[in-house]
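# Fold and contact review
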Amino acid sequence: MSLQCGIVGLPNVGKSTLFNCLSNAKAQSANFPFCTIEPNVGVITVPDERLIRLGELCHPERGIIPTTVEIVDIAGLVKGASKGEGLGNKFLANIRETDAIIHVLRCFDDENVVHVDGSVNPVRDKEIIDAELQLKDLETVESRIAKCEKAAKAGGDKNAKLQLEVLVKYREALSQGRNARTVELANKDEEQAARDLFLLTNKPVMYVCNVDEASAVTGNAYVEQVREAVKDEDAQVLVLAAKIESEIAELETYEERQMFLEELGLEESGVNRLIKAAYALLNLRTFLTAGSDEVRAWTFKAGAKAPQCAGVIHTDFERGFIRAEVIKYADFIELGGEAQCRAAGKLSTEGKDYLVQDGDIMHFLFNV
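None of the values given here were measured: they were computed from a predicted structure. (Residues numbered from 1 in each chain as written. Predicted model: local features only at pLDDT ≥ 70, side-chain atom pairs only at ≥ 80, totals over all residues. Heavy atoms only, no water.)

### Structural notes on helix α6 (residues 188-195)
Of all the residues in α6, the buried ones are E190, A193 and A194. Across the axial projection of α6, the buried residues extend over an arc of 100 degrees, all falling on one side. When the buried face of α6 is taken as reference, the exposed residues oriented beyond 90 degrees from it are K188 and D189. Each element contacted by the buried residues of α6 is listed here: α5 (158-175). (Buried < 20%, exposed > 50% of the residue type's maximum accessible area, 1.4 Å probe, protein only. Helix = DSSP H or I, 4+ residues; strand = E, 2+ residues; numbered from the N terminus. Arc of directions from axis to C-beta. Contact = heavy atoms within 4.5 Å.)

Right under this line is the structure:
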């Protein structure tokens, strides 16, 4: 399942430092691997403590295989990107190809790190990127409105009329300097019409506040300004210190990293939290398979049913789906394995309409 989060931000906000930390995420996830598809695309394992617990119970011969998420380091942006300034065209093309946005904002003071606009102001930085994306979206919307008006008048096309209504809502919001994701749509038909537009400011977004070491646990005034600025958006805010994360990535052992985190008052590294949040931002969930051969995590879209999840393993599993045997993770851990869950009646048999839940331990029966 190739879904991507794109990291965006102005120059010198810590975007590249953060991506480099993510590229060393294997150092914070036992022996889980990291690989590079292109210089700016990383396939990064999703930290999942459940896999470790299952591995301790199952002792799999082939080991533990985690699931992954793709992170793209998108070229930096400057004012005028919507008109092609700087690397604007490349920036906008790359961001259009991603499924969600990780927007890095500088929330620290450091006279040795020059800010492109002369002063630290994360809300202003956010608005610069927002404005460029909004201008590009407005250009898209205006173009589509002209086409839909012609189609609606010429043939009474109902789909064109529906899309026109949605486009007008977006035009109003974008003209007011609001992101497309702030628009409230009336029903599922409008939501589908909106998805077909692929607007940049309609993508799910997470704002990452890059803070100094002293603010890594509690945040700071800059972070509060960001929270206030995005309170009306359907967006997450995550706080981390990229400088600290780069130091953690250099430590050799898991024990050293944990001691370092404890000294800072952190339970988990910011990189791990970011990877998990990016996975959730893409509306992804995990089901598990566990046995003596391997313990493995599999990615599925939230809301998927049992046959679709079977197809994640192999298309034949979905095509010939008969039923799924499901054990809840908590039961598997509490009782000590599959045999014990069967004996205790904690294994359920589910059909084609079963909605798979995050953490379900599954075995599929099929016939092709």
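### A look at the pattern of salt bridges
Close approach of charged atoms allows side chains of opposite charge to pair. Counted under the stated rule, the structure contains 22 salt bridges. When the shortest N-O distance is used, the salt bridge between E49 and K276 registers 3.1 Å. Residue E49 is found in helix α2 (residues 49-58), and its partner K276 is found in helix α10 (residues 270-281); the two are separated by 227 residues along the sequence. Under the relative-accessibility criterion, K276 is labelled partly exposed at 26%. Measuring nitrogen to oxygen at the nearest pair gives 3.6 Å for the salt bridge that ties E142 to R171. With E142 in helix α4 (residues 122-155) and R171 in helix α5, this residue pair connects regions lying 29 residues apart in the sequence. A relative accessible area of 37% places E142 in the partly exposed class. Given the relative accessible area of 29%, R171 is considered partly exposed. (Salt bridge = Lys/Arg side-chain N within 4 Å of Asp/Glu carboxyl O.)

### A closer look at unusual backbone geometry
In this structure, H59 is a non-glycine residue whose phi angle is positive, near 45 degrees. The residue H59 is located in the loop between α2 and β4 (64-65) in this model. Since its relative accessible area comes to 60%, H59 is described here as exposed. Phi is positive for N283, close to 65 degrees, though the residue is something other than glycine. Among the residues examined, N283 registers a relative accessible area of 32% and is labelled partly exposed.

### A look at the side chain of E325
Considering the arrangement of structural elements, one finds E325 in strand β11 (residues 321-327). For E325, the side chain forms a polar contact with the side chain of R342, separated by 2.8 Å. Not counting residues up to four positions away in its chain, the partners in contact with E325 are R342, L347, S348, I361, M362, H363 and L365. (Polar contact = N/O pair within 3.5 Å; in protein donor to acceptor, adjacent residues only side chain to side chain.)

### Considerations on the packing of aromatic side chains
The relation between two aromatic rings is expressed through the spacing of the ring centres and the mutual angle of the planes. By the definition in use, this model includes five aromatic pairs. With a centroid separation of 6.3 Å and an interplanar angle of 10 degrees, the aromatic rings of F287 and W298 are classed as stacked. Of the two residues, F287 is situated in strand β9 (residues 284-290) and W298 in strand β10 (residues 295-301); the sequence distance between them amounts to 11 residues. Since its relative accessible area comes to 0%, F287 is described here as buried. When the centroid spacing of 6.1 Å and the interplanar angle of 40 degrees are considered together, the rings of F287 and F300 count as tilted. Residue F287 is found in strand β9, and its partner F300 is found in strand β10; the two are separated by 13 residues along the sequence. Each of the two residues, F287 as well as F300, counts as buried. Among the aromatic residues, ring-to-ring pairing joins F287, W298, F300, F321 and F364 into one connected group. Across from the ring centre of F108, 4.5 Å away, lies the NZ or CZ of R106, which sits over that ring. The ring of W298 has R296 lying over it, and the distance from NZ or CZ to the ring centre is 4.1 Å. (Phe/Tyr/Trp six-rings, centres within 6.5 Å; stacked < 30°, edge-to-face > 60°. Lys NZ or Arg CZ within 6 Å of the ring centre and 35° of its normal.)

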